[in-house]
Amino acid sequence: MTISREDIEKVAVLARIRVDDEQVSALENDLGNILDLVDQLSAADTDAVEPLAHPLDAVQRLRPDEVTETNQREAFQAIAPATENGLYLVPRVIE
Amino acid sequence: MHNKSVAELSRDLESGKVSSVELAQQFLDRIKQQDDQFNSFISVTEDQALADAKAADEQRAAGNATPWTGIPFAHKDIFCTSGVRTTCGSRMLENFVPPYNATVTENFRKAGAVCLGKTNMDEFAMGSSNESSHFGPVTNPWGLSNGEKRVPGGSSGGSAAAVAARLVPAATATDTGGSIRQPAALCGITGLKPTYGRVSRYGMIAFASSLDQGGTMARTAEDNALMLNVMAGFDPKDSTSVDRAVPDYTATLNEPLKGLRIGLPKEYFSDQLSPAMEEQVRAAVKEYEKLGATVKEVSLPNAKLAIAAYYVIAPAEASANLSRFDGVRYGYRCEDPKDLMDLYTRTRAEGFGTEVKRRILVGTYALSAGYFDAYYLKAQKVRRLIQQDFINAFKEVDVLMSPTTPSPAFAQGEKTSDPVTMYLEDIFTIAVNLAGVPAMSVPAGFVDGLPVGLQIIANYFDEARLLNAAHQFQQVTDWHQREPQ
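Quick notes on the rules
- Residues numbered from 1 in each chain as written.
- Chains lettered and ligands numbered in written order.
- Predicted model: local features only at pLDDT ≥ 70, side-chain atom pairs only at ≥ 80, totals over all residues.
- UniProt positions renumbered as here; feature names shortened; annotations may be inferred.
- Helix = DSSP H or I, 4+ residues; strand = E, 2+ residues; numbered from the N terminus.
- Rg over C-alpha atoms; globule rule 2.2 N^0.38 Å.
- Buried ≥ 20, exposed ≤ 12 C-beta atoms within 10 Å, placed from the backbone.
- Pairing = 2+ DSSP bridges.
- Contact = placed C-beta atoms within 7 Å.
- Core = buried A, V, L, I, M, F, W, Y, C linked by C-beta atoms within 7 Å.
- Axes fitted to C-alpha atoms, helices over the stretch in contact; angles between N-to-C directions.
- Parallel < 35°, antiparallel > 145°, perpendicular 65-115°, else oblique.
- Nonpolar A, V, L, I, M, F, W, Y, C, P; charged D, E, K, R; others polar.
- Expected span 1.5 Å × (residues − 1).
- Bend = angle between axes of the 7 residues up to and from the residue.
- pLDDT = per-residue confidence, 0-100.

You'll find chain A entered in an unreviewed UniProt entry as Aspartyl/glutamyl-tRNA(Asn/Gln) amidotransferase subunit C, with Marinobacter similis given as the organism. Looking at the Subunit (unreviewed entry) heading of the UniProt record, one finds this comment for chain A: "Heterotrimer of A, B and C subunits."

Concerning the overall build of chain A
Looking only at helices and strands, chain A has three helices and two strands in total. Overall, chain A shows an N-to-C arrangement of helices and strands of α-α-α-β-β. In terms of overall size, chain A is more extended than a compact globule, its C-alpha atoms giving a radius of gyration of 22 Å where 95 residues would be expected to give roughly 12 Å. Buried residues in chain A amount to 14% of all 95 residues.

Topic: the overall build of chain B
A tally of regular secondary structure across chain B gives 15 helices and 11 strands. Against the compact-globule benchmark of 23 Å for 485 residues, chain B has a radius of gyration of 21 Å, which places it among compact chains. Along the first, second and third principal axes, the C-alpha atoms of chain B reach 65 × 55 × 50 Å. A total of 485 residues make up chain B; the buried ones form 62% of that total.

With respect to the pairing of strand 2 (residues 72-76) of chain B
All names here are of chain B. Within strand 2, five of the five residues are buried, leaving the element largely enclosed by the surrounding structure. Strand direction decides the pairing type here: strand 2 and strand 3 (residues 114-119), joined by four bridges, are parallel. Bridge assignment links Phe 73 to a residue of strand 3, and that residue is Cys 115.

A few points about the interface of chain A and chain B
It is common to give the size of an interface as the accessible area lost on bringing the parts into contact. Chain A puts 39 residues into the contact, and the matching count from chain B is 55 residues. Ranked by residue count, the leading element in the side of chain A that touches chain B is helix 2 (residues 21-38) of chain A, at seven residues.

Some words on the nonpolar core
Counting residues in hydrophobic clusters, the biggest one holds 164 residues, and the most contacted among them are Ala 309, Val 399 and Ile 456 of chain B. Discounting residues that sit within four places of it in the chain, Ile 456 of chain B has contacts with Val 399, Met 401, Ala 439, Met 440, Val 442, Leu 466, Ala 469 and Ala 470 of chain B.

Focus: the packing of helix 1 (residues 5-14) of chain A against helix 11 (residues 354-367) of chain B
Running from N to C, helix 1 of chain A and helix 11 of chain B cross one another at 95 degrees; their axes reach a closest spacing of 9 Å. Relative to helix 11 of chain B, the element helix 1 of chain A lies roughly perpendicular. From helix 1 of chain A, Val 11, Ala 12 and Leu 14 of chain A reach across to helix 11 of chain B, where they touch Leu 361, Thr 364 and Tyr 365 of chain B. Looking at the contact of helix 1 of chain A with helix 11 of chain B residue by residue, the classes come out as five nonpolar, one polar and no charged.

Some words on the pairing of strand 3 of chain B
All names here are of chain B. In terms of burial, strand 3 is largely enclosed, as six of its six residues are buried. Note: strand 1 (residues 41-44) against strand 3, three bridges, orientation antiparallel. Each bridged residue has a counterpart across the sheet, and for Phe 41 the counterpart in strand 3 is Thr 119.

A look at unusual backbone geometry
Residues and elements named next belong to chain B. Here the residue pair Gly 154 and Ser 155 is connected by a cis peptide bond, since its omega of 10 degrees sits within 30 degrees of zero. Positive phi, normally seen in glycine, also occurs at Ala 125, with a value near 65 degrees. Here Ala 125 falls in the buried class, since 29 other C-beta atoms lie within 10 Å of it. Even without being a glycine, Asp 448 presents a positive backbone phi close to 50 degrees. Among the secondary structure elements, Asp 448 is positioned in the loop between strand 10 (439-447) and strand 11 (450-458).

Observations concerning the environment of Val 285 of chain B
Residue and element names in this part refer to chain B. Inspection of the secondary structure assignment puts Val 285 in helix 8 (residues 275-290). Distance in space between the C-alpha atoms of Val 285 and Ser 402 is 9.0 Å, their sequence separation being 117 residues. With near-sequence residues (within four places) excluded, Val 285 lies in contact with Ile 262, Leu 264, Val 295 and Met 401.

Here's the deal with helix 2 of chain A
All names here are of chain A. Over its 18 residues, helix 2 extends 26 Å from the first C-alpha to the last, a length consistent with the 26 Å expected when each residue adds 1.5 Å. Maximum bend of helix 2: about 25 degrees, positioned at Leu 27. Taken residue by residue, helix 2 has Leu 27, Leu 31, Ile 34 and Val 38 as its buried positions.

Here we look at the environment of Val 399 of chain B
Relative to the assigned elements, Val 399 of chain B resides in strand 9 (residues 399-403). If we skip the residues at most four places from it in the chain, Val 399 of chain B touches Leu 260, Ile 262, Ile 456, Ile 457, Ala 458, Arg 465, Leu 466 and Ala 469 of chain B.

Some points on the confidence of the model for chain B
In regions of low pLDDT, the predicted coordinates are not meant to be interpreted in detail. Summing up the model confidence of chain B, the mean pLDDT is 97 and the portion of residues at 70 or higher is 100%. Across the interface, the model reports ipTM at 0.96; the global pTM reads 0.97.

Concerning the environment of Val 138 of chain B
Residues and elements named next belong to chain B. Here Val 138 is to be found in the loop between strand 3 and helix 5 (157-164). The buried category is assigned to Val 138, around which 34 C-beta atoms lie within 10 Å. Separated by 102 residues in the primary sequence, Val 138 and Asp 36 have C-alpha atoms spaced 9.9 Å apart.

Here it is, written out as structure tokens:
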């Protein structure tokens, strides 16, 4: 299984990770090897097998719709890189 | 004092032979004197520990002691500790101080245990050698006397090395594909990965949520039982936590093993296993026969597909979980981002290490349009086949036994150049996580002066049987008492 340079650039954008040009060939090699390993799966006969998402086949537990958490905005924002007036600061999005 | 188990220290505290403050100070001194050679701690919380020890002594004086009151231990740096830096081995969280405690943290705190610090680990628990930590590799205490620098295994390598070196009697750990059992094996200690859902994942920084499970590391099976007594149980804050009664895991340690049915999966005694390792494991199984167990060969025909399935499912889940690290709400943020996209992509490029980025990219690829069915859905189907193998095996036997790893601790740097070679280190441990069953690693001998681990696997929620089997083995062997020089 080979993975192309274009694939890696596309996946890097999806994953929001900057990949520099000089890193791409190492990634082509490493990801190609990992996908080779993973390709063993194609040999398995899985017709009529249900996918397993949870080892105990549990489903999402529901709880009463009640307020249980208290507002801790200040504690949570104290560890943020940049805040102002209770808001998280990011670079300008809309001109 | 440093060679004593949690159970022994608990008795010494109860009889007044030693105080919690004295105990904390002694272990803190050992960490200070010795951890330079191992690098098993990322943070040592001396002031907090001494304050907690003083409070523990007061609790005991007031007649409110539990078996854990005043016992020193360490947390893997993946469990959130309120007010104490929690890094997960990553630059991304180098300065992250959580505003809350993990449920596991809270449980030990309520029991009165004294946390001495946070142990080193592979970044975001991704690794089998503790070499992917942003805070530097951990060195295995075994082999050092010959001048060898060997890996402790991973990802819970710091916890395993700290327990092996007697810097703490016990430490918490987590296991997504072998991260408790493999380092326990390589460091010659006892570790347990419970059934998926047995221990709360709340506040345990997520890697692959359908596989992650918190667990225990100590030198004896009895201490693992004491730890699990504190850690196990339903937690409404974890949506996959299981609501099921928790037994007293120490109560059944002394049950006789007569009639225990042991299965040896033939796929785990393959040519990947070195003859010297196999000899040690077979000798351990012989000990069980002497204790009255019966042994038969069984088969896990799909186990050979476990690594392939895991390296789709775990990276896919990791890519989703780690999307939360965006440089906005907490954690690392790059300097002078020019726009929002630059903030995200550069924060993540600079904040994550090589192996973490590799896995996020693989996971993103496997989940992307056009590949989802071929990779993720296919891997989940194979996962069911693997689970079915275990269900079938446990119709015939009570426990499965195998080597924990194909070989003993390898040299630092030996497997870092090729990720796939590193992944194969977990060849005997990964299927257990895919099935969600509990498993242990128990010291079972030495090869070339390095510890060998025996893996014992049980059916869902049968941790008590695992601990019983391990404890009985430790009554007739002393591998778990051997101390690295």
